Amino acid sequence: MRTAGEWFDRAHRGRLRRWSLLGVCVLTVVLVLAWFTPVLSVSTVEIDGLVAVPEEQVRDRLEIPSARSMLRIDTDAMAQRVASIPKVRTARVQRVFPSTVRVTVVERAPVLFWDSPQGAHLMDAESVEFAIEDAPIGVPKLTAEHPGGADPVTRAAVSVLSVLPSALVVQVDEVVARSISNISLNLRDGRTVLWGGTNDAERKAAVVMPLLTRDGTVFDVSSPNLVTVK
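Just so it is clear, the model here is predicted, and its values are computed rather than measured. (Residues numbered from 1 in each chain as written. Predicted model: local features only at pLDDT ≥ 70, side-chain atom pairs only at ≥ 80, totals over all residues. Heavy atoms only, no water.)

Trainee: Hey, could you go over the pairing of strand S7 (residues 141–144) for me, with residue numbers and the actual values?
Mentor: Burial along S7 is one-sided: the face carrying Leu142 and Ala144 is buried and the face carrying Lys141 and Thr143 is not. Pairing analysis gives four bridges linking S7 to strand S8 (residues 172–179), with the strands arranged parallel. Looking at S8, one finds that Leu142 is bridged to Val175. (Buried < 20%, exposed > 50% of the residue type's maximum accessible area, 1.4 Å probe, protein only. Helix = DSSP H or I, 4+ residues; strand = E, 2+ residues; numbered from the N terminus. Pairing = 2+ DSSP bridges.)

Right, dumping it as structure tokens:
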């Protein structure tokens, strides 16, 4: 014969099983409603980081289906479509429950431009040409024989700009790249820095600013251990 304690334990386990089954049923219903019905559909889109890219262009690339559950939207595909906009460097799309999609955009910033009959070609720090439009004030002009993202000389010029001290970058008006080992910087005050190639970049960056405090018009740091001023 079962004792009173055994009967109590059996009844307790039965109640637990019933409550567990009820909980599973409720959870299943909630998931079905969330997955297949508009209960959790997108009602708000938040977009951060836009300056040059029109918001409507981003919204169009998201292609959020009407009345589709938040659980069923493909945020990775949305981010890839937004990132395909030429002026967008990266894009991240997140679900913010219960009904918001948050888009975080990092735009491409021009570091150089070169002229063509079509206009000014803007290039970012990754040597990506992303727009043909008026160059922003302060962006240096590139002079090269075959400027473009696939051109090794152009990429070398971008590499040089990336290591310059910020105090020098703002002074650069034109980057003249005759070859990957013959790059010079024409400053806005008429002075010229002969940089040479991309080798010894850190050493050149360290010596160039003290050198520019001297009188002269041509400052040669192409051999950073033997700099000259003319």
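Trainee: Tell me about the side chain of Arg108, and please be specific about residues and values.
Mentor: As for its position among the elements, Arg108 is in the loop between strand S3 (100–107) and strand S4 (112–116). By relative accessible area, Arg108 is classed as buried at 17%. Here Asp124 takes part through its side chain, which lies 2.6 Å from a polar atom of the side chain of Arg108. Among residues more than four places away in sequence, those in contact with Arg108 are Pro86, Lys87, Val88, Arg89, Asp124, Glu126, Val128 and Phe130. (Polar contact = N/O pair within 3.5 Å; in protein donor to acceptor, adjacent residues only side chain to side chain. Contact = heavy atoms within 4.5 Å.)

Trainee: Can you tell me about the sheet that holds S3, naming the residues and giving the values?
Mentor: An order of S1-S3-S2 is seen for the three strands of this open sheet, with the pairing classed as mixed. Of all strands in the sheet, those bounded by a partner on one side alone are strand S1 (44–48) and strand S2 (88–96). If you compare each strand with its neighbour and ignore which way they point, the axes differ by 15° on average. Against the sheet, helix H2 (residues 55–62) engages S1, S2 and S3, with an angle of about 125° to S1. Lying over the sheet, helix H3 (residues 75–83) contacts S2 and S3, oriented at roughly 155° with respect to S2. (Axes fitted to C-alpha atoms, helices over the stretch in contact; angles between N-to-C directions.)

Trainee: So, the side chain of Ser69: which residues are in play, and what are the values?
Mentor: Tracing the backbone shows Ser69 in the loop between H2 and H3. Among the polar contacts listed, one links the side chain of Ser69 to the backbone nitrogen of Leu71, at a separation of 3.1 Å.

Trainee: So, the pairing of S2: which residues are in play, and what are the values?
Mentor: Across eight bridges, S2 lies against S3 in antiparallel orientation. When the sheet's bridge partners are listed, Gln94 is paired in S3 with Arg102. Connecting S2 to the antiparallel partner S3 that follows it, the hairpin turn spans three residues.

Trainee: Go over the nonpolar core, please, and point to the residues and values.
Mentor: In terms of nonpolar packing, the biggest core is built from 28 residues, with Leu142, Leu164, Leu168, Val175, Leu185, Val193 and Trp195 touching the most fellow members. Here the element with the most residues in this core is helix H4 (residues 152–163); it accounts for six residues. With 17 residues, the next largest nonpolar core counts Val53, Met70, Val82 and Val88 among its residues. (Core = buried A, V, L, I, M, F, W, Y, C linked by side-chain atoms within 4.5 Å.)

Trainee: Outline helix H6 (residues 201–211), supporting the account with residue identities and numerical values.
Mentor: Each full turn of the α-helix corresponds to 3.6 residues, which orients residues three or four apart in the same direction. Of the residues making up H6, those classed as buried are Ala201, Lys204, Ala205, Val207, Val208 and Leu211. Buried residues along H6 sit in contact with H4, helix H5 (166–169), strand S10 (192–196), strand S11 (218–220) and strand S12 (228–229).

Trainee: Lay out unusual backbone geometry in plain terms, naming residues and giving numbers.
Mentor: Geometrically, the link from Phe97 to Pro98 is a cis peptide bond, its omega value of 15° lying close to zero. Position of Pro98 relative to the elements: it lies in the loop between S2 and S3. The backbone of Asp200 shows a phi angle near 55°, a positive value even though the residue is not glycine.

Trainee: Give a description of the pattern of salt bridges that names residues and reports values.
Mentor: Two side chains of opposite charge can pair, provided their charged atoms sit close to one another. Counted under the stated rule, the structure contains ten salt bridges. A salt bridge links Arg89 to Glu126; the nearest nitrogen and oxygen atoms lie 3.1 Å apart. Within this pair, whereas Arg89 is found in strand S2, its partner Glu126 is found in the loop between strand S5 (119–123) and strand S6 (129–132), the two being separated by 37 residues in sequence. Since its relative accessible area comes to 40%, Arg89 is described here as partly exposed. Here Asp115 makes a salt bridge to Lys141, at a shortest N to O gap of 3.6 Å. Linking Asp115 in strand S4 with Lys141 in strand S7, this pair joins segments that are 26 residues apart in sequence. For Asp115, a relative accessible area of 45% gives the class partly exposed. (Salt bridge = Lys/Arg side-chain N within 4 Å of Asp/Glu carboxyl O.)

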